[in-house]
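The chain contents come next:
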Amino acid sequence: MTPGRRLDQIEPVLADVAQKTDRLIESNGQIFELATKNNTVIEITAKGLADLTVLVNGRFNAVDSRFEGVNGRFDMVDDRFEGVNSRFDMVDDRFEAVNGRFDTVDDRFEGVNGRFDTVYDRLDEQGTNIQELKVNVVDLQKGQSRIEENQQQILAILRERLG
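Quick notes on the rules
- Residues numbered from 1 in each chain as written.
- Predicted model: local features only at pLDDT ≥ 70, side-chain atom pairs only at ≥ 80, totals over all residues.
- Heavy atoms only, no water.
- 1 Å grid on protein atoms, 1.4 Å probe; cavity = no way out; pocket = protein on both sides within 12 Å on 5 of 7 lines; lining within 4 Å.
- Points joined across faces, edges and corners; volume = space filled by probe spheres on them.
- Helix = DSSP H or I, 4+ residues; strand = E, 2+ residues; numbered from the N terminus.
- Nonpolar A, V, L, I, M, F, W, Y, C, P; charged D, E, K, R; others polar.
- Patch = residues over 30% accessible without salt bridge, like charges linked within 9 Å, V, L, I, M, F, W, Y side chains within 5 Å.
- Areas by Shrake-Rupley, 256 points an atom, 1.4 Å probe, with all protein chains shown as cover.
- Salt bridge = Lys/Arg side-chain N within 4 Å of Asp/Glu carboxyl O.
- Buried < 20%, exposed > 50% of the residue type's maximum accessible area, 1.4 Å probe, protein only.
- Phe/Tyr/Trp six-rings, centres within 6.5 Å; stacked < 30°, edge-to-face > 60°.

Undergrad: How would you sum up the layout of surface pockets? Please name residues and give values.
TA: The space that makes up the largest pocket amounts to roughly 270 Å³. Taken together, Val13, Asp16, Val17, Lys20, Thr21, Leu24, Val56, Arg59, Phe60, Ala62, Val63 and Arg66 make up the full set of residues lining the largest pocket. Secondary structure elements with two or more residues in the lining of the largest pocket: helix H1 (3-37) and helix H2 (39-162). Taken together, the residues of the lining of the largest pocket sort by class into seven nonpolar, one polar and four charged.

Below you can see the structure in the form of structure tokens.
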């Protein structure tokens, strides 16, 4: 609550009290005027004025106590808002902590992705090496096949000459 809002709520009550007080003063003035005309009425009027003064003072005291109650309620509302604000601050702190954890996890994922990239590169190298080995094996098989053919020819020639 702001002081401006408190005034907006208090002003109508003050205006009502001021209006009633004005009426009381006006009626007191009329009573006093009548009392001055007649001496016997003066005593009654004085007593009435005294009673009225006591009554007005009591009402002012009641209004004062109401204002104190309203101020107390405003203070309680202010305290509640402060409590809510502190809770929001705690929630903000928790969100910041969670965001920090997510940043840490993101960093870890980037590290893992980097490792996977390295593994993929190594696998590509191994694939290339395997392809080269396959080509070499094919070349060796061709060479061995030629050697076997040559051996067969040599054996055939030797069998012809020996035979």
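There is more to say after this.
Undergrad: Any details on a nonpolar patch on the surface? Residues and values, ideally.
TA: Side chains of Val112, Phe116, Val119, Tyr120 and Leu123 sit close together on the surface and give an oily, nonpolar patch of about 470 Å² of accessible area. Mapped onto the fold, Phe116 is located in helix H2. Its relative accessible area of 44% is what places Phe116 among the partly exposed residues.

Undergrad: So what about the pattern of salt bridges? Which residues, and what values?
TA: With the rule as written, the count across this model stands at two salt bridges. Notably, a salt bridge pairs Asp16 with Lys20, separated by 3.5 Å at the nearest N-O pair. In this pair, Asp16 and Lys20 are both assigned in helix H1, four residues apart and thus about one turn of the helix distant. Between Asp51 and Lys47 there is a salt bridge, and its shortest N-O distance comes to 3.3 Å. Of this pair, Asp51 and Lys47 both sit in helix H2, four residues apart, roughly one helical turn. Since its relative accessible area comes to 54%, Lys47 is described here as exposed.

Undergrad: How would you summarise the packing of aromatic side chains if you had to cite specific residues and measurements?
TA: Scanning the model with the defined rule gives one aromatic pair in all. Here the aromatic rings of Phe116 and Tyr120 are separated by 6.2 Å at their centres, their planes lie at 25°, and the arrangement is stacked. Residue Phe116 and its partner Tyr120 are located together in helix H2, separated by four residues, close to a single helical turn.

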